[in-house]
Amino acid sequence: MDLDEFLRLNGADVDLVLAGARTIVELGPDDRLIAVGSLAEGLGNRKSDVDLLLLTSRAEHRGASPDEVRSFTAGRSLVDLRVVPEAAETGLRERLAAWAGAGWNLMVAADFTPSEMLLLHRLGAGRRLWPAGASSRSGDEALTTQVGRLKLHIARHMARTIQVDMAGYREEGDAALLVYAAQDLLGHAADGLLAGSGFTNPTPKWRSRLLDRLPMDWEQSLQLPVSGLRPSEVYWRLHRAPAVATLDAALAHASRIAAFARAVFHWAEESLVHGAPAPRRVGRSSGPSPVAPPVLDIDVDFHRIDQGVMIGRLNDFGQTLEMSLAQFAGLLWLDNGGDLADRAGQATSDENLVLDGALAGLVDQARQAGLQLPGLAPDAESAGGFGARHALKV
């Protein structure tokens, strides 16, 4: 439900909202009043509130805090208004631009609070209500791109921490914590997928709804066997926890999520950070083949180097491997349950993928470097493990 439909169902319209806002604050000619939140983004429902931001340079509002809410009603609608001084908006935009220009560094957390991240998103995604007649979107393309990179960075930074935690839970034999951590990782992977697709809303509750807005061919840009499913359905199936909290079942659940996250984050970084999408492939995956675990272990991550990729374990002083982007694309394909022969058969000369003995040898190198997932007990599949991965194939 969007803003206009919501207001109409509640006996109001934009003019009535503007009239109500004027009972709370003055609207000057240089002010900007922006509708933000779920209704402005077409995500709302009959129980939603109308959220407004007043962006102003007037002296009486210089000390205002965006956390202070001023409420009024328009028809049967509850409206929450926050005042953001123009100096605060400008300062936040400048900090974001400086961060975006400083280079991609996943070792350091981005210095933005959740409320600042939400405000940055809303500045780009809001609908301008004032000045009168200015109903266009409030942001600009540069801001949206920078906020997308910030959302991806937050997801990547958090995901790496979770992967290290998952390896620790496995060592401790804590199946429950391993499953819960994996589901957190999946949420951040969804954020990365959305960020790479231009959706900057940072609120977790909207992940599934926003995933439904991705195009049907979303998998073709990722290094994934193509299931033909909506991303929200893949997210749902991956989120489904094992029925029994055994360590083998938990590891199966965690490893397939980690494999999916690696593919998503690689694609999103190529798109948002390095300016080019990851190599594309076309067609469907082959039919179900003998069940095999992902190639890489749950705490293995990647780092972009020149025209290639380095992979290794997080928080570990073990071996690393370097490879080309094409080789990494093939490795991600296998990591997510793809068949080597099928992948090689669908490679094109444009992709410049050399996937015969070279990729098979790379998998062996990953094993020798200690980066491969250890074998699972035979009952892992029946306990909700890797067999569920093939439910994604149609």
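Refer to the structure above for everything that follows.
Residues numbered from 1 in each chain as written. Predicted model: local features only at pLDDT ≥ 70, side-chain atom pairs only at ≥ 80, totals over all residues. Heavy atoms only, no water.

Asker: I'd like a rundown of the overall build of the protein chain, residues and numbers included.
Answerer: Across its full length, the protein chain holds 12 helices and eight strands. By the burial criterion, 52% of the 394 residues in the protein chain qualify as buried. Within the protein chain, counting contacts between residues at least 6 apart in sequence, those at least 24 apart form 69% of the total. Accessible surface, the protein chain as shown: approximately 17,000 Å² in total, 52% of it carbon and sulfur. (Helix = DSSP H or I, 4+ residues; strand = E, 2+ residues; numbered from the N terminus. Buried < 20%, exposed > 50% of the residue type's maximum accessible area, 1.4 Å probe, protein only. Contact = heavy atoms within 4.5 Å. Areas by Shrake-Rupley, 256 points an atom, 1.4 Å probe, with all protein chains shown as cover.)

Asker: Tell me about the packing of helix 5 (residues 141–172) against helix 6 (residues 175–196), residues and numbers included.
Answerer: Helix packing geometry: the angle between the two helix axes and the distance between the axes. Here helix 5 crosses helix 6 at 160°, and the two axes come no closer than 9 Å. Taken together, helix 5 and helix 6 sit at an angle that is classed as roughly antiparallel. The crossing of helix 5 and helix 6 is left-handed. Along the contact surface, helix 5 presents G148, K151, L152, A155, M158, A159, I162, Q163, M166 and Y169, while helix 6 presents L177, L178, A181, A182, D184, L185, H188, D191, G192, L194 and A195. Here the residues of the contact of helix 5 with helix 6 sort into 14 nonpolar, four polar and three charged. (Axes fitted to C-alpha atoms, helices over the stretch in contact; angles between N-to-C directions. Parallel < 35°, antiparallel > 145°, perpendicular 65-115°, else oblique. Left-handed = near helix turned anticlockwise from the far one by under 90°. Nonpolar A, V, L, I, M, F, W, Y, C, P; charged D, E, K, R; others polar.)

Asker: How would you explain helix 5 if you had to name every residue and give the values?
Answerer: Look at helix 5: 47 Å from first C-alpha to last across 32 residues, which is about the 46 Å you get at 1.5 Å a residue. The first or second residue beyond helix 5 is G173, which carries a positive phi of 75°. (Expected span 1.5 Å × (residues − 1).)

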